[in-house]
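Analysis of the macromolecular model
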Amino acid sequence: MADRVVESSDIEVPEIPELLEKVLLFCLEESKEKMRAGEDVVPFTALVVKENLFMENHPGETAEQCFAFARHTVANARGAQAYALCYDGYLEVDDEVKDCLIAEGGIPGEEEGYAVGVLYTAGEDGKPVFEDEPAYIGASPNFMEDLKEAEAYTEEEIDEKYLSDCDEDEAEAEEQD
């Protein structure tokens, strides 16, 4: 997945909200583990709702499709406190293209999100070798820009959204049996 432009600059790294930073780093670690196990990294989101982390894959035939699926999921996430979208991409650095696991995300109501990443290369054995520390890449779109802060939703609104989704999934599974 490489058809994404995240603006980078030489500005000082901004202070990323703590919860968002945790979910971004968690997603990078999850992706590193998948790659170490020889698995592909399918673009996925992680949503923080209450004390839960909801993860969903967003496969698509094009990068635009994957991002559209992720945006749809996140933009409708009532009561979510933060999200991350993680994918295997690349960075263009000094006229050179480098492989990079990228996690971008945001919090409700903010204009922009944050993108972080960890560079990697293929080792002699073909397994990925990751840089020690993730790095701030730049500002990214925030799929939660139009959402209210999590506290602005009632418990019933949040439960209705997530419990009704679970009920629909169960009903579909029963129909298929």
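Criteria and thresholds
All chains use their own residue numbering, which begins from 1 and follows the written sequence. Where totals are concerned, whole chains, interfaces and linings use all residues; where local detail is concerned, this predicted model gives features only for residues with pLDDT of at least 70, and gives and counts side-chain atom pairs only at 80 or more. Values reported for side chains reflect all heavy atoms of the structure, with hydrogen atoms and water molecules removed beforehand. By the criteria applied, helices consist of DSSP H or I runs no shorter than four residues and strands consist of E runs no shorter than two, each listed in order from the N terminus. Residue burial is assigned from relative accessible area. The probe radius is 1.4 Å, only protein chains are included, and a residue is buried under 20% of its type maximum, exposed over 50%, and partly exposed in between. Contact criterion: two residues are considered in contact whenever any of their non-hydrogen atoms come within 4.5 Å of each other. Method for areas: the Shrake-Rupley scheme with a 1.4 Å probe, in which residue coverage is limited to the protein chains shown. Given the number of residues in a helix, its expected span is that number minus one, multiplied by 1.5 Å. Known as pLDDT, the predictor's confidence for each residue is given on a scale from 0 to 100. What makes a patch is a set of residues exposed beyond 30% relative accessible area and free of salt bridges, joined within 9 Å when like-charged and within 5 Å when nonpolar (Val, Leu, Ile, Met, Phe, Trp, Tyr). In what follows, salt bridge is the name for a side-chain nitrogen of Lys or Arg lying within 4 Å of a carboxyl oxygen of Asp or Glu. Here the positive residues are Lys and Arg and the negative ones are Asp and Glu; neither His nor the chain ends is included. For this purpose, a charge sits on NZ of Lys, CZ of Arg, CG of Asp or CD of Glu.

A separate point is the overall build of the protein. Scanning the protein for helices and strands turns up three helices and seven strands. Ordered by position from the N terminus, the helices and strands of the protein form the series α-β-β-α-β-β-β-β-β-α. Buried residues in the protein amount to 37% of all 177 residues. Long-range contacts, defined here as pairs at least 24 residues apart, represent 61% of the contacts in the protein between residues at least 6 apart. Looking at the protein as shown, the accessible area adds up to about 10900 Å², and 44% of this sits on carbon and sulfur atoms.

This brings us to helix α2 (residues 63-75). An ideal rise of 1.5 Å per residue puts 18 Å on 13 residues; α2 measures up with 18 Å between its terminal C-alpha atoms. Packed against the buried residues of α2 are β1 (44-49), β2 (52-57), β3 (80-93) and β4 (96-106).

We now examine the confidence of the model for the protein. Do not read the fine detail of predicted coordinates wherever pLDDT is low. With 79% of its residues at a pLDDT of at least 70, the protein reaches an overall mean of 85. Element-level mean pLDDT values for the protein span from 57 in helix α3 (residues 155-176) up to 97 in helix α1 (residues 18-36).

Right, let's talk about a negative patch on the surface for a bit. Where like charges cluster on the molecular surface, the negative patch consists of E110, E111, E112, E145, D146 and E149. Here E112 lies in strand β5 (residues 112-122).

Another aspect to go through is unusual backbone geometry. One non-glycine residue with positive phi stands out, namely K50, at about 55°. Here K50 lies in the loop between β1 and β2.

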